[in-house]
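A structural walkthrough
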Amino acid sequence: MTLGLTLSRTLKRFSALTFLGATLLGAVSLPGPVAYAAPPTRIVEGWYAHNAMLVMLGGQDRIVGTVARPAMLPWMFRLVPSLSRAETLDPGNLNAEELLALHPDLVFVTASGHSADALTRAGLNVVPEGFDRFDSMLDCVDGTATLLQTPLAAKRAQAYRLAFLQAVSQAPTNPQGPRVLHVESLRPLRVDGDASIIDQWIRSAGGQNAAQGIHGNKQPVSIEQILSWNPDIVIIGANAGDPATLTQDPVWSKVKAVQSGRVYRNPTGLFPWDRYGPELLLQVLWSRQIVQTGQVDRPAMIRSIRSFYHEFYGIALSAGDAELMLDARPPAPDTH
C-alpha cells in the first residue's frame, strides 16, 4: 500500500472483519478495568484528553462534570454540544465534596495526578487513566469501552484498534530519518522529548526526535538549545503560537527547518491530534506525509478527516470544517 492510502480506504478494507477477527487481534481480550454491575449513567471526566475518548465511545451524554472548557477545546464543544450541560471542574483541584454532589457512577482522573487516592477514600469510584505509548492508548480505549458496557462502545473500540494498527503497520521507522522537533509552546518555550507518545508518532512517521536528552512532555528549553539541535523539521502545536513569527526571530531564523521552510502547524480537532486522544490516528497519517514529503495531499487528507469523524464519532463533518481542522483553525462563528 502506498503512503497516499486514505483512512476511508483503510476503513472500507476492515469493515467486513468479524467479531472473531477482532478477538484474535486482541481487541476484546486485553485486561482492563472491571465493569460494574450496571452501566454507568453519570460520569465525571477529570482528564482533558479522555473526554475525546468518551465521546468517541458514545458516552458524551453521560458526562455530568468535566475539566474541558470551550475556550480550550472549541471543536469539542461545537461538535458535541451536550458537553455544555456538564459542570465545569477545576483540573488542578478536583474537590471530593463537589464531585459527590454530582452523584457520579465513575470518575476518570489522570494517573499522574495526586487526586485518585483522596477521591477514592471519599467514596467515589475512581478510574486513573494515562498512557505514553500507542499500545497503552489502545488499551485505554478498550478499558473505557468495557466500563461503558454498550454495544456502540465495543464496536467503535474494536474498529478503532483495527484501523490504528493498520495505519501504524505501514510505519517507515528510520533511525537516520530527518530530525523532527515538536514544540508544545513558543512562549514559554517548551518541547516534547522521549518517553512520550509524541516521540512515538515522530518515529512512526519515519523521523527521529530532535530533542535529544529531553525526557517527557512539555519540557522547558532555551532557544540556544534548539539552535544546537538544528532540526530538519519543526512542528508547532496548534495552540503553541504563530509559526510565521519564526522567520523574523534572529535565532530561530538560523535553524535549518526555518531556513528550508519546513515549519508546520499541527492540525487539531476535538482534541489536539498530536497529543493523547483518539485523533492520533489522523496524526499518524498527517505526520507521515510531512516527514517524508514535506507536504500534505490536502484533498485526500480532508477525505480522511471526514471519514474518521463519521466512522468513530458519528459526526457528519463538512469539507469546510475538515479544512479548518487541517489548518489548526477554530470553528467558524455560529451565525444561527
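For the structure, check the block above.
We now examine the pattern of salt bridges. Applying the stated criterion across every chain, the model contains 10 salt bridges. For E323, the salt bridge goes to R298, with nearest N and O atoms at 3.1 Å. Of this pair, E323 sits in helix α14 (residues 319–326) while R298 sits in helix α13 (residues 298–313), and the two are 25 residues apart along the sequence. Relative accessible area serves as the criterion here: at 33%, E323 is assigned to the partly exposed category. We classify R298 as partly exposed; its relative accessible area is 30%. Among the charged side chains, a salt-bridge network with shared partners connects R298, E323, D327 and R329.

Residue P188 is reached from R187 by a cis peptide bond, and omega for that bond is -5°. The backbone phi angle of H103 is positive, close to 50°, even though this residue is not glycine. As for its position among the elements, H103 is in the loop between α5 (96–100) and β4 (106–110). Backbone geometry at A328 places phi at a positive 60°, although glycine is not the residue there. Along the chain, A328 falls in the segment after α14. Given the relative accessible area of 11%, A328 is considered buried.

Next up on the list: the sheet that holds strand β1 (residues 43–45). Across a sheet, paired strands are connected by hydrogen bonds in the backbone, their directions being either parallel or antiparallel. Pairing is parallel in the open sheet, where five strands are placed in the order β3-β2-β1-β4-β5. With partners counted over all chains shown, the strands left at the sheet margins are β3 (87–88) and β5 (126–129), one partner each. In this sheet, β4 lies alongside β1 in parallel orientation, the contact comprising three bridges. Directly across from V44, in β4, lies its bridge partner V107.

Considering soluble globular proteins, one finds that nonpolar side chains tend to be buried as a cluster. With 72 residues, the main nonpolar core has Y160, F164, I305, Y309 and Y313 as its most contacted residues. Beyond its immediate sequence surroundings of up to four residues, F164 is in contact with F134, M137, L138, L280, L281 and V284.

Before going further, it helps to examine the packing of α13 against α14. The interhelical angle for the contact between α13 and α14, taken along N-to-C directions, is 105°, at an axis separation of 9 Å. Judged on the interaxial angle alone, α14 and α13 are roughly perpendicular. Across from R298, M301, I302, I305, R306 and Y309 in α13, the residues of α14 making contact are A319, A322, E323, M325 and L326. The residue inventory of the contact of α13 with α14, partitioned by class, reads eight nonpolar, no polar and three charged.

Further remarks concern the pairing of β5. Each regular strand carries side chains that alternate between the two faces of the sheet. Sheet topology note: the β4/β5 ladder contains four bridges and is parallel. Paired with V109 across the bridge in β5 is P128. This β-α-β element, β4 to helix α6 (residues 116–121) to β5, shows right-handed connectivity.

What follows deals with the packing of aromatic side chains. All chains considered together, the criterion is met by nine aromatic pairs. Relative to F312, the ring of Y160 has its centre 5.5 Å away and its plane inclined at 80°; by these criteria the two rings are edge-to-face. With Y160 in helix α8 (residues 151–169) and F312 in helix α13, the pair connects residues that are 152 residues apart, well separated along the chain. Cluster of aromatic residues (ring-pair linked, three or more members): F134, Y160, F164, F308, Y309, F312 and Y313.

By secondary structure assignment, the location of N209 is in strand β8 (residues 208–209). A sequence separation of 28 residues divides N209 from L181, and the C-alpha atoms of the two residues are 6.1 Å apart. Excluding its chain neighbours within four sequence positions, the residues that come into contact with N209 are V180, D192, G193, D194, D199 and I202. Separated by 3.5 Å, the side chain of N209 and the backbone oxygen of G193 make a polar contact. A polar side-chain atom of N209 sits 3.1 Å from a polar atom in the side chain of D199.

Before going further, it helps to spend a moment on the environment of N217. Within the element layout of this structure, N217 appears in the loop between β8 and β9 (219–220). Assessed through its relative accessible area of 26%, N217 is described here as partly exposed. Taking C-alpha positions, N217 is 8.0 Å from D194, a pair spaced 23 residues apart along the chain. Beyond its immediate stretch of four places on either side in the chain, N217 contacts V191, D192, S196, I198, R275 and Y276. Reaching out from N217, the side chain makes a polar contact with the side chain of Y276 at a distance of 2.9 Å.

All right, on to helix α7 (residues 134–148) then. Over its 15 residues, α7 runs 21 Å from end to end, which matches the ideal 21 Å to within 8%, given 1.5 Å per residue. Phi turns positive one or two residues past the end of α7, at Q149, with a value near 60°.

Quick notes on the rules
- As a convention, each chain's residues are numbered from 1 in the sequence order in which they are written.
- Where local features are concerned, this predicted model is filtered to residues with pLDDT of at least 70; where side-chain atom pairs are given and counted, the filter is 80 or more; whole-chain, interface and lining totals use all residues.
- For side-chain calculations, the full set of non-hydrogen atoms in the structure is used, while hydrogens and water are omitted.
- Only one rule defines a salt bridge in this text: a Lys or Arg side-chain nitrogen within 4 Å of an Asp or Glu carboxyl oxygen.
- Each helix is a run of DSSP H or I of at least 4 residues and each strand a run of E of at least 2, with the numbering of both proceeding from the N terminus.
- For each residue, the accessible area found with a 1.4 Å probe, counting protein chains only, is set against the maximum for its type, and the residue is called buried under 20%, exposed over 50%, and partly exposed in between.
- One bridge is not enough; two strands pair if DSSP finds at least two bridges between them.
- As used in this record, nonpolar core signifies buried Ala, Val, Leu, Ile, Met, Phe, Trp, Tyr and Cys residues forming a set joined through side-chain atoms within 4.5 Å.
- In this description, contact between two residues means that some pair of their heavy atoms is separated by no more than 4.5 Å.
- Lines fitted to the C-alpha atoms define the axes, with helices restricted to the stretch that makes contact. Angles between their N-to-C directions range from 0 to 180 degrees.
- Comment on the angle field: the value is read as roughly parallel under 35 degrees, roughly antiparallel over 145, roughly perpendicular from 65 to 115, and oblique elsewhere.
- Three classes are used, and their members are as follows: Ala, Val, Leu, Ile, Met, Phe, Trp, Tyr, Cys and Pro are nonpolar, Asp, Glu, Lys and Arg are charged, and the others, Gly among them, are polar.
- Note on handedness: a crossover is taken as right-handed if, strands pointing away from the viewer, the path from the first strand over the helix to the second is clockwise.
- The criterion for an aromatic pair is that two Phe, Tyr or Trp rings (for Trp, the six-membered ring) have centres within 6.5 Å, with stacked assigned to planes under 30 degrees apart, edge-to-face to planes over 60 apart and tilted to the rest.
- Residues adjacent in sequence count toward polar contacts only when both atoms are side-chain atoms; beyond that, a polar contact is any pair of N or O atoms within 3.5 Å, and within protein one must be able to donate a hydrogen and the other to accept it.
- Each helix should span, by expectation, one fewer than its residue count multiplied by 1.5 Å.

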